Amino acid sequence: MAHRDLTDEQWARLQPLLPAQKPETGKPSIDHRRIINGILWILRTGAPWDDLPRRYGRRGTVSSRYYRWRKQGIWDRIFADLQAQGDAEGNLDWAVHFVDSTVIRAHQHAAGATGGTPRPKRWAAARAASRPS
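First things first, this report covers the structure right here in the doc. (Residues numbered from 1 in each chain as written. Predicted model: local features only at pLDDT ≥ 70, side-chain atom pairs only at ≥ 80, totals over all residues. Heavy atoms only, no water.)

### Let's talk about the pattern of salt bridges
Next up, step 1: Taken as a whole, this structure holds four salt bridges when the rule is applied.
Next up, step 2: Linking Arg-59 and Asp-50 is a salt bridge whose minimum nitrogen-to-oxygen distance equals 2.7 Å. (Salt bridge = Lys/Arg side-chain N within 4 Å of Asp/Glu carboxyl O.)

Take a look at the structure:
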């Protein structure tokens with residue numbers, strides 16, 4: 001287990017909320033714990049899928065499960081179940097804890113731009129006409 005992978009206690013709480021490990025048809029899927037640790041690594045580091053360490057499996061396998069579960073609403077259900085468990089155990093103080101699942105990202109070219117209001121540019125014809133002879 002790597003430094004920030006799921007602990008046994010965390011896994012024991014999460015495992016019952018996951019889909020069945022063995023699908024009804026096709027070949028058995030890769031271990032959910034390994035895949036989820038890979039997904040958490042990507043989300044924690046912000047790295048691209050290509051940089052996923054090999055200990056978590058192939059990037060295509062990890063990313064496809066992440067996106068497939070997202071499309072099927074599995075992550076939303078898991079999150080809601082964990083939140084309900086925490087609330088039932090009295091571990092959530094709603095005056096302090098709140099959850100916002102929105103993410104607002106700027107375009108990659110938005111960072112580092114010089115500030116200021118853009119000034120309108122004069123037309124080339126207007127510049128040529130206003131040049132002193």
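### Regarding helix H4 (residues 74-88)
Next up, step 1: With 15 residues, H4 extends 21 Å between its outermost C-alpha atoms, agreeing within 8% with the 21 Å of an ideal straight helix rising 1.5 Å per residue.
Next up, step 2: Within H4, burial applies to Ile-74, Ile-78 and Gly-86. Seen along its axis, H4 keeps its buried residues to an arc of 100°; they face one direction. Away from its buried face by more than 90 degrees, H4 exposes Asp-76 and Ala-88.
Next up, step 3: Considering only its buried residues, H4 is in contact with helix H1 (8-14) and helix H3 (59-72).
Next up, step 4: Residue Gly-90 follows H4 closely and has a positive phi angle near 80°. (Helix = DSSP H or I, 4+ residues; strand = E, 2+ residues; numbered from the N terminus. Expected span 1.5 Å × (residues − 1). Buried < 20%, exposed > 50% of the residue type's maximum accessible area, 1.4 Å probe, protein only. Arc of directions from axis to C-beta. Contact = heavy atoms within 4.5 Å.)

### Let's talk about the packing of aromatic side chains
Next up, step 1: Evaluation of the coordinates by the stated rule reveals five aromatic pairs.
Next up, step 2: Aromatic pair Tyr-66 and Tyr-67: ring centres 5.0 Å apart, planes at 70°, arrangement edge-to-face.
Next up, step 3: Given a relative accessible area of 38%, Tyr-67 falls into the partly exposed group.
Next up, step 4: Three or more aromatic residues joined by ring pairs form one cluster here, namely Trp-49, Tyr-66, Tyr-67, Trp-69 and Trp-75. (Phe/Tyr/Trp six-rings, centres within 6.5 Å; stacked < 30°, edge-to-face > 60°.)

### Quick notes on the layout of surface pockets
Next up, step 1: Estimates place the volume of the second largest pocket at around 290 Å³.
Next up, step 2: Lining the second largest pocket we find 17 residues, and of these Pro-23, Ser-29, Ile-30, Arg-65 and Arg-68 sit closest to its centre.
Next up, step 3: Looking at side-chain class alone, the lining of the second largest pocket contains seven nonpolar, six polar and four charged residues. (1 Å grid on protein atoms, 1.4 Å probe; cavity = no way out; pocket = protein on both sides within 12 Å on 5 of 7 lines; lining within 4 Å. Points joined across faces, edges and corners; volume = space filled by probe spheres on them. Nonpolar A, V, L, I, M, F, W, Y, C, P; charged D, E, K, R; others polar.)

### A closer look at the nonpolar core
Next up, step 1: In terms of nonpolar packing, the biggest core is built from ten residues, these being Ile-35, Ile-39, Trp-41, Ile-42, Ala-47, Trp-49, Leu-52, Tyr-56, Val-62 and Tyr-66.
Next up, step 2: Mapped onto this core, the elements with two or more residues apiece are helix H2 (32-45) and H3.
Next up, step 3: The biggest single contributor to this core is H2, with four residues.
Next up, step 4: Trp-11, Leu-18, Ile-36 and Trp-69 belong to the second largest nonpolar core, which has nine residues in total. (Core = buried A, V, L, I, M, F, W, Y, C linked by side-chain atoms within 4.5 Å.)

### Some details on the side chain of Asn-37
Next up, step 1: Looking at the element boundaries, Asn-37 is found in helix H2.
Next up, step 2: Engagement of the side chain of Asn-37 in a polar contact is seen with the backbone nitrogen of Leu-6, the distance being 2.8 Å.
Next up, step 3: Ignoring anything within four residues of it in the chain, the contact list for Asn-37 reads Asp-5, Leu-6 and Tyr-56. (Polar contact = N/O pair within 3.5 Å; in protein donor to acceptor, adjacent residues only side chain to side chain.)

### Here's the deal with the side chain of Arg-65
Next up, step 1: You can see Arg-65 is positioned in helix H3.
Next up, step 2: Despite its burial, Arg-65 pairs with no opposite charge; the closest candidate is Asp-31, at 7.2 Å N-O.
Next up, step 3: The residues contacting Arg-65, other than those within four sequence positions of it, are Ser-29, Ile-30, Asp-31, His-32 and Ile-35. (Lys, Arg positive; Asp, Glu negative; His and termini not counted.)

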